[in-house]
Structure formats: C-alpha cells, structure tokens
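Descriptive analysis of the structure
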Amino acid sequence: MNAHDLRLTSLAHGGGCGCKLAPSVLQQLLAEQPAAGPFAQLLVGTETGDDAAVWQIDDTTCVIATTDFFMPMVDDPHDFGRIAATNAISDVYAMGGRPIMALAILGMPIDKMPPETIREILKGGASVCAQAGIPVAGGHSIDSPEPIYGLAVIGTCRPEQVRRNADAQPGDDLILTKALGVGVYASAIKKGVLPDGAYDEMIASTTLLNRIGADLARDPAVHAVTDVTGFGLLGHGMEMARGAGVTLTTSLQAVPLLAHAAALAQAGCVTGASHRNWASYGAAVSLPEDLPDWRRHLLTDPQTSGGLLVACAPQRTDALLRTIVEAGYPAASRIGHVEEGRPAIRVVG
C-alpha cells in the first residue's frame, strides 16, 4: 500500500485517549491488585488514580515515571506521533515535574503499513521530545494488529513541588488550561465532516506541551493539578473530588470549547468513550435540569493531550490565569470552585 493512500484511523477500532478503558472497568481490574506499599519513598502510587508515580530519592529530588500510548486519532503519521508524545509527556508536567528522557512504545501491523509511515510516526514523537528538551533514549516494539504508539517518560522535581490530583482544598478555584472538544473533533474526522480549519486548531491544542505545570508547581497557592485526558473533564474532576473528599462545582458557561465543538456535538459527532465515561461516574454528577445530551457529552468528551485542571487559592487565581495565558495557553479559564461535601461534581448553568 502507498503511504499516501493509507488512512491510519481505518486500522484502529478507536483512537487517542478515547481508547482508554472506562473508569468503571479500570476500577474493577485494579480492585484486587496488591497495594503498592509500604514504601515510604513512594509519594504517589495507584491509590488516587493520579497521573504518574513519584519516588523520592533524597531530600531534594523525586523521580516521576509514567507511560501512555494509544491508537491513531488522525491519519497523518507525523501528527499522530506528535500528539501521542505530547500526551505522554503531559503526565510529568501534571505532577509538577520536568521530563528528562523518554522511551518509545511501538506496536505496528507490519503487513499493513509501509516502513516510511512508521518512520514518520517515530519522527513526529521525536520532534516533540526535542521541543521538551529530552532524548528518546530507547524503547520497545512489537508486531500488533492495530497501530499503537506512545512513550514511557521519566521526569524529576523537588519533593515540595509534587502536585497530586488529591490535594484540592475547600475554597479553591478551578482553572482549565485548554479547550475541550478533541474527542468530538476526532469523531468528525472519522465521519469526514470536520470543518475547514478545525484540523489545524485541534493539532495546535494537542501538540501544545503542558510545560506550564512545572511552573505552577513552584507556587504554594497551587494545591492540586491533573491533566484532562480520556475520562473527560468530569471524569478527571471526579478523581480530584474523590481524592480530596470534596465537591467540585463547575460553571457550564465558563468551560472553554474548541471553535466547532458545540456544533459538531449537536450534529452527533460523539465518541463511544463519552457514553462509557458517563455510565462510569454519572451517578456522582448533578447537572442542570433539561441539559441537552450534546452539552453533557462535551463534559465527558475524551480529551487526547488535553489541558491541566488546577485547584488554587482564590486570591491567586487572576495572577495565575495571566501567567498561564501569557505562557501560550489562550483558552485558560476559571471554570469553577471547590467546596466541602461528599465527593461529587455539581454542574451549574
């Protein structure tokens, strides 16, 4: 097959972070796994579903370790590699660290894909790692029935700069650094109805490194950070709520959206993962009466290489927002706040 005629998305049953197992399924699979402890140096493990593991080496240094990979959500192999790499590195930034190196994870249907296409995927990933200032220092590859690419990433930070998803405090404001709608756009790509200009908008968002997370971690007013990926805004918000034992209130009107996300969602460009996400955690979410399904789907839309959800002291919100926007995240918005209460999310109009 000619590399120019190949549609990567036709080789995969799902794409991007929409491939992730539903939160409820993941909970079932992990239910009987042995606890990671007792290891005093393991500051972050599996207990709160955080973005990466954190191991404290000494008084000044922690190692952050994560891995992320998925199937293509776009047909351009170079863009697929860029998106997958940006997404994988994001977990380190979300923990408050900076990446130092990556290992490639590659599974490809060798009989269906020309070598030059696979090389472009690897080049795309390497180009993002170069932007992050890290090498692709090795990796592992297999022959698989569907194309898979991602990275294992190692980073470092100081112990006081670790930012878990479980440390939000009542009274905190919530900031989201990128617009939602990536899953909706990916669905539109599959259906061949993505509007002109929307692809470039999606690529600009999904290849924007979340390096601002490492800068935010230096501010003690930033209490909790997580990146919004396959479980959608509500799913990753629920992880924050459960970890901290709090209620999150989100303003529907304040949530930033990609330019065509609302129209495409109304037209039925919704992923299966959006349905699975809602089925997993919808019982803990209260929505405005008569909220149209398409609006709910935007809140459960699986984000690939999405933004950071930040819980911070309210007196620092305006200054932090200015810092985030000036650092190159124009969609960053205050979307809600944290309250005392049972672990839940309340969405208001």
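To keep things clear, this report deals only with the structure shown in the data block. (Residues numbered from 1 in each chain as written. Predicted model: local features only at pLDDT ≥ 70, side-chain atom pairs only at ≥ 80, totals over all residues. Heavy atoms only, no water.)

1. Digging into the overall build of the protein
Short version of the rule: Comment: elements are numbered from the N terminus, with helices defined as DSSP H or I runs of at least four residues and strands as E runs of at least two. Burial classes: relative accessible area under 20% of the type maximum marks a residue as buried, over 50% as exposed, and values in between as partly exposed (1.4 Å probe, protein chains only). Note on contacts: a residue pair qualifies if any of its non-hydrogen atoms lie within 4.5 Å across the two residues. Accessible surface area values rest on a Shrake-Rupley calculation with a 1.4 Å probe, where residue burial reflects the displayed protein chains alone.
Broken down by element type, the protein carries eleven helices and 13 strands. Taken over the C-alpha atoms alone, the protein extends approximately 60 × 55 × 45 Å along its principal axes. Counting the 349 residues in the protein, one finds 54% classified as buried. Sequence-distant contacts, at least 24 apart, represent 87% of the contacts inside the protein between residues at least 6 apart. Summing over all exposed atoms, the protein offers an accessible surface of approximately 14400 Å²; the carbon and sulfur share of this is 54%.

2. Brief notes about the sheet that holds strand 11 (residues 308–312)
Quick reminder of the rule: Paired strands are those between which DSSP finds at least two bridges. Whenever a helix is involved, its axis is fitted only over the stretch in contact; in every case the axis is a line through C-alpha atoms, and angles between N-to-C directions fall within 0 to 180 degrees.
Here we have seven strands laid out as an open sheet, ordered 8-11-7-12-9-13-10, and mixed in their pairing. Here the strands that pair on one side only, and so sit at the sheet edges, are strand 8 (222–227) and strand 10 (285–286). As paired strands, strand 7 (residues 173–176) and strand 11 are joined by four bridges and run antiparallel to one another. Pairing of Ile175 across the sheet is with Val310, part of strand 11. Strand contacts of helix 2 (residues 77–94): strand 8 and strand 11, with the helix running at about 165 degrees to strand 8, the strand carrying the most contacts. Sheet contacts for helix 11 (residues 317–326): strand 7, strand 8, strand 11 and strand 12 (333–340); angle to strand 7, the most-contacted strand, approximately 10 degrees.

3. Notes on unusual backbone geometry
Non-glycine residue Asp290 carries a positive phi angle of around 65 degrees. In this structure, Asp290 sits in the loop between strand 10 and helix 10 (293–300). Even without being a glycine, Ser305 presents a positive backbone phi close to 55 degrees.

4. A look at the pairing of strand 12
For strand 7 and strand 12, the ladder comprises four bridges, and the chain directions are antiparallel. In the sheet register, Asp173 faces strand 12, and the bridge partner there is His337.

5. Points about the side chain of Thr271
When you line up the elements, Thr271 lands in the loop between helix 8 (261–266) and helix 9 (272–281). A relative accessible area of 16% means that Thr271 is categorised as buried.

6. Overview of the environment of Leu257
Mapping Leu257 onto the fold places it in the loop between strand 9 (246–251) and helix 8. Overall, Leu257 belongs to the partly exposed group, its relative accessible area being 36%. For the pair formed by Leu257 and Ala179, sequence separation is 78 residues and the distance between their alpha carbons is 4.5 Å. Apart from residues lying up to four places away in sequence, Leu257 is in contact with Ala179, Leu180, Ala262 and Leu298.

7. A look at the nonpolar core
Keep this limit in mind: The criterion is simple. A nonpolar core is a set of buried Ala, Val, Leu, Ile, Met, Phe, Trp, Tyr and Cys residues joined through side-chain atoms within 4.5 Å.
If you look at the biggest cluster of nonpolar residues, it comprises 55 residues, and the most contacted ones within it are Ile89, Tyr149 and Leu151. Elements supplying a minimum of two residues to this core: strand 3 (62–70), helix 2, strand 4 (98–108), helix 3 (115–132), strand 6 (148–157), helix 4 (182–191), helix 5 (198–206) and helix 8. In terms of residues, this core owes the most to one element, helix 2, which gives eight residues. The next biggest cluster of nonpolar side chains, apart from the first, holds 27 residues, and it includes Ala284, Leu299, Leu309 and Ile335.

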